[in-house]
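Structural description and commentary
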Amino acid sequence: MKRTALVTGAASGLGALAAQRLAAAGWDLVAVDVDEDGLARTAARSPNTHVRVCDVADPKAVEEVVAEAGAVHRLVHAAAVGPLVPALEQPLDEVERVLRVDYLGTVHAVRAVLPGMLARGGGDLVLFSSLASWVPTPKTSAYAAAKAAVNAYAECVAAEHRGGGVRIRVVCPRQVDTPGFRAAAAADPAATAGMKGMPPRAVLDAVDRSLARRDELLYVYPDALTRATVLAKRYAPGLLRRVLARATA
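Residues numbered from 1 in each chain as written. Predicted model: local features only at pLDDT ≥ 70, side-chain atom pairs only at ≥ 80, totals over all residues. Heavy atoms only, no water.

Focus: the packing of helix α1 (residues 13-24) against helix α7 (residues 200-212)
Remark: α1 packs on α7, axes separated minimally by 10 Å, with the N-to-C direction vectors making an angle of 55°. Of the possible angle classes, the one that applies to α1 and α7 is oblique. Crossing hand, α1 versus α7: right-handed. Contact residues: Leu14, Leu17, Ala18 and Arg21 in α1; Pro200, Arg201, Val203, Leu204, Asp205 and Asp208 in α7. (Axes fitted to C-alpha atoms, helices over the stretch in contact; angles between N-to-C directions. Helix = DSSP H or I, 4+ residues; strand = E, 2+ residues; numbered from the N terminus. Parallel < 35°, antiparallel > 145°, perpendicular 65-115°, else oblique. Left-handed = near helix turned anticlockwise from the far one by under 90°. Contact = heavy atoms within 4.5 Å.)

Next up, the structure:
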């Protein structure tokens, strides 16, 4: 049986690696991004990868890609933007762009593929959020807000369609070693707390392990530091706040 996966944000970073891994595993792969050159690099020497230039902020464009792809058995939604700007200095049009791509892009992708999955009685939704959705830090106001909205949306969708056969995972990594993160860290080390990003493969390995289990856990925290930070936010928020204030000063 042919399995089709749709990966957004597939031109670089986590999306590119996710697309390449799925294609290598024999999936019929539809790779989506606004970066045509990056998509070409992702699809190089992969005859089962089909690239589509598409802005996930455009619902009609997403619908057209899914209609052309046919039955989508797995969505990996990694498309996102996340400029690091103080909240009062960030232009409103940039805030709106972050919300359109990061949050509404998730809504558009899910609405395009989920009805078909439910009709077939199965499928996977892998939605990339961020540790920032739980622990916002300076200069991430728009990004953190958009990713928190992704979490809330996914929780509602999961509750509404529990028992429908569709597995939903919301992946919340800390900083990931991608070209975008490296550029941000070089330009503003304090904004990224001077930390190194975790390897993209480690994030995707955690996703694979989660999908291999039969539980219905919604959130995927890819490493011990991410899990510890989320727990600290819940049980020791004052301590975490002081640690982050020092790290991002």
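Having seen it, we continue.
Digging into the packing of helix α4 (residues 92-120) against helix α5 (residues 141-160)
Across the interface, α4 lies against α5 with an axial gap of 8 Å and an inter-helix angle of 20°. Considering the angle they form, α4 stands roughly parallel to α5. Every pair of crossing elements has a handedness; the one defined by α4 and α5 is right-handed. Residues Val95, Val98, Leu99, Asp102, Tyr103, Thr106, Val107, Val110, Arg111 and Leu114 of α4 touch α5, and the partners they reach there are Ala142, Tyr143, Ala146, Lys147, Ala149, Val150, Tyr153 and Val157. Considered class by class, the residues forming the contact of α4 with α5 number 14 nonpolar, one polar and three charged. (Nonpolar A, V, L, I, M, F, W, Y, C, P; charged D, E, K, R; others polar.)

Some details on the nonpolar core
By size, the foremost hydrophobic cluster in this structure holds 33 residues, and its most contacted members are Leu6, Leu75, Val113 and Leu125. When contributions to this core are tallied by element, the ones reaching two or more residues are β2 (28-33), α3 (59-69), α4, β5 (123-128), α5 and β6 (166-171). No other element matches the seven residues that α4 contributes to this core. Core analysis: the next-biggest nonpolar cluster, separate from the first, contains 26 residues, Ala5, Val7, Ala78 and Val171 among them. (Core = buried A, V, L, I, M, F, W, Y, C linked by side-chain atoms within 4.5 Å. Buried < 20%, exposed > 50% of the residue type's maximum accessible area, 1.4 Å probe, protein only.)

So, the sheet that holds strand β3 (residues 49-53)
With parallel pairing, seven strands are arranged side by side in an open sheet as β3-β2-β1-β4-β5-β6-β7. The open sheet has two free edges, formed respectively by β3 and β7 (219-220), since each of these has just one partner strand. Relative to strand β4 (residues 74-77), strand β1 (residues 4-8) is paired through four bridges, and the arrangement is parallel. Directly across from valine 7, in β4, lies its bridge partner valine 76. Set on the sheet, helix α2 (residues 36-43) makes contact with β2 and β3; between it and β3 the angle comes to about 175°. (Pairing = 2+ DSSP bridges.)

Things to note about the pattern of salt bridges
Enumeration over the complete set of coordinates arrives at 11 salt bridges. Lysine 2 is the salt-bridge partner of aspartate 28, the closest N and O atoms lying 3.9 Å from each other. On the criterion of sequence distance, the pair formed by aspartate 28 in strand β2 and lysine 2 in the segment before β1 is long-range, its members being 26 residues apart. Residue class for aspartate 28 comes out buried when judged on its relative accessible area of 17%. A relative accessible area of 56% means that lysine 2 is categorised as exposed. Put simply, glutamate 68 and arginine 52 hold a salt bridge, and the shortest N to O gap is 2.9 Å. Of this pair, glutamate 68 sits in helix α3 while arginine 52 sits in strand β3; the two residues are 16 residues apart in sequence, bridging distant segments of the chain. Residue class for glutamate 68 comes out exposed when judged on its relative accessible area of 52%. (Salt bridge = Lys/Arg side-chain N within 4 Å of Asp/Glu carboxyl O.)

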